Amino acid sequence: MAEKFDNDSGVVTEQKPQKKLKRPRMYRVLLHNDDYTTREFVVDVLMGVFHHSESKATEIMLHVHYTGVGVAGVFTREVAETKIAIVDNLAREREYPLRLTMEPDEHHED
Ligand code: TYC
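What comes next concerns the included structure. (Residues numbered from 1 in each chain as written. Predicted model: local features only at pLDDT ≥ 70, side-chain atom pairs only at ≥ 80, totals over all residues. Heavy atoms only, no water.)

### Side note on the overall build of the protein chain
A count of helical and extended segments in the protein chain gives three helices and five strands. Beginning at the N terminus, the succession of helices and strands in the protein chain can be written as β-β-β-α-α-β-α-β. Taking 13 Å as the expected radius of gyration for a compact globule of 110 residues, we find that the protein chain reaches 22 Å, considerably beyond that expectation. Reported as C-alpha extents along the three principal axes, the dimensions of the protein chain are approximately 75 × 30 × 20 Å. Residue burial in the protein chain is summarised as follows: out of 110 residues, 29% are buried. Summarising the internal contacts of the protein chain: among those between residues at least 6 apart in sequence, 67% fall at separations of at least 24. When the accessible surface of the protein chain is summed, it comes to about 8200 Å², and 51% of that surface belongs to carbon and sulfur atoms. Distance between charge centres in the protein chain, computed from 15 positive and 20 negative side chains, equals 4 Å. (Helix = DSSP H or I, 4+ residues; strand = E, 2+ residues; numbered from the N terminus. Rg over C-alpha atoms; globule rule 2.2 N^0.38 Å. Buried < 20%, exposed > 50% of the residue type's maximum accessible area, 1.4 Å probe, protein only. Contact = heavy atoms within 4.5 Å. Areas by Shrake-Rupley, 256 points an atom, 1.4 Å probe, with all protein chains shown as cover. Lys, Arg positive; Asp, Glu negative; His and termini not counted. Charge placed at Lys NZ, Arg CZ, Asp CG, Glu CD.)

### Regarding the site of the ligand
With respect to spatial proximity, the complete set of residues near the ligand consists of Leu-31, His-32, Asn-33, Asp-34, Thr-37, Arg-39, Val-42, Met-61, Val-64, His-65 and Leu-98. The side chain of Asn-33 places a nitrogen or oxygen atom 2.8 Å from a nitrogen atom of the ligand. Residue Asp-34 places a main-chain N or O atom 2.8 Å away from a nitrogen atom belonging to the ligand. Elements with a minimum of two residues in the shell around the ligand: β3 (26-32), α1 (39-48) and α2 (54-67). No other element matches α2, which puts three residues into the shell around the ligand. (Near = heavy atom within 4 Å. Polar contact = N/O pair within 3.5 Å; in protein donor to acceptor, adjacent residues only side chain to side chain.)

### Let's talk about the environment of Gly-68
Tracing the sequence through the fold places Gly-68 in the loop between α2 and β4 (69-76). Residue Gly-68 is classed as partly exposed on the basis of its relative accessible area, which comes to 28%. As a C-alpha pair, Gly-68 and Lys-20 span 48 residues in sequence and 40 Å in three-dimensional space.

### Re the pattern of salt bridges
This structure, assessed with the given rule, holds four salt bridges. For the salt bridge of Arg-28 with Glu-106, the shortest nitrogen-to-oxygen distance reads 3.5 Å. Taken as a pair, Arg-28 in strand β3 and Glu-106 in the segment after β5 (99-104) lie far apart in primary sequence, 78 residues in all. Residue class for Glu-106 comes out exposed when judged on its relative accessible area of 51%. Within the structure, one salt-bridge network assembled from shared partners comprises Arg-28, Glu-103, Asp-105 and Glu-106. (Salt bridge = Lys/Arg side-chain N within 4 Å of Asp/Glu carboxyl O.)

### Here's the deal with unusual backbone geometry
We note that His-51 has phi near 60 degrees; this positive angle belongs to a residue other than glycine. Relative to the assigned elements, His-51 resides in the loop between α1 and α2. We classify His-51 as exposed; its relative accessible area is 61%. For Glu-95, which is not glycine, the phi dihedral falls at a positive 60 degrees.

This is the structure:
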């Protein structure tokens, strides 16, 4: 409810109800294994687009290679969608079938 204040100037001011600041829902970007994309390309993408160090990028790539799927990073919806689109375009340029998906990250829910 808006509160009204009457001060001596005769001007009535109104205070807007405070909007609750909610943290945005976060999304995991998942990287999927395939038999054709090179390990080097995946590491380059994890470093260049997801800003991982070379050792972390290699660790994520190997995890995906051996288990089938892994988390490239956790972002807001727009950032996750943009990174997926960037990687899709890079992979398509090289004719790699690399696949990324996103899913809500329950750990960031409140
Ligand atoms: N399995 C690929 C190879 O052996 C490497 C790879 C890793 C591909 C992770 C995709 O998301 C991926 N060349």
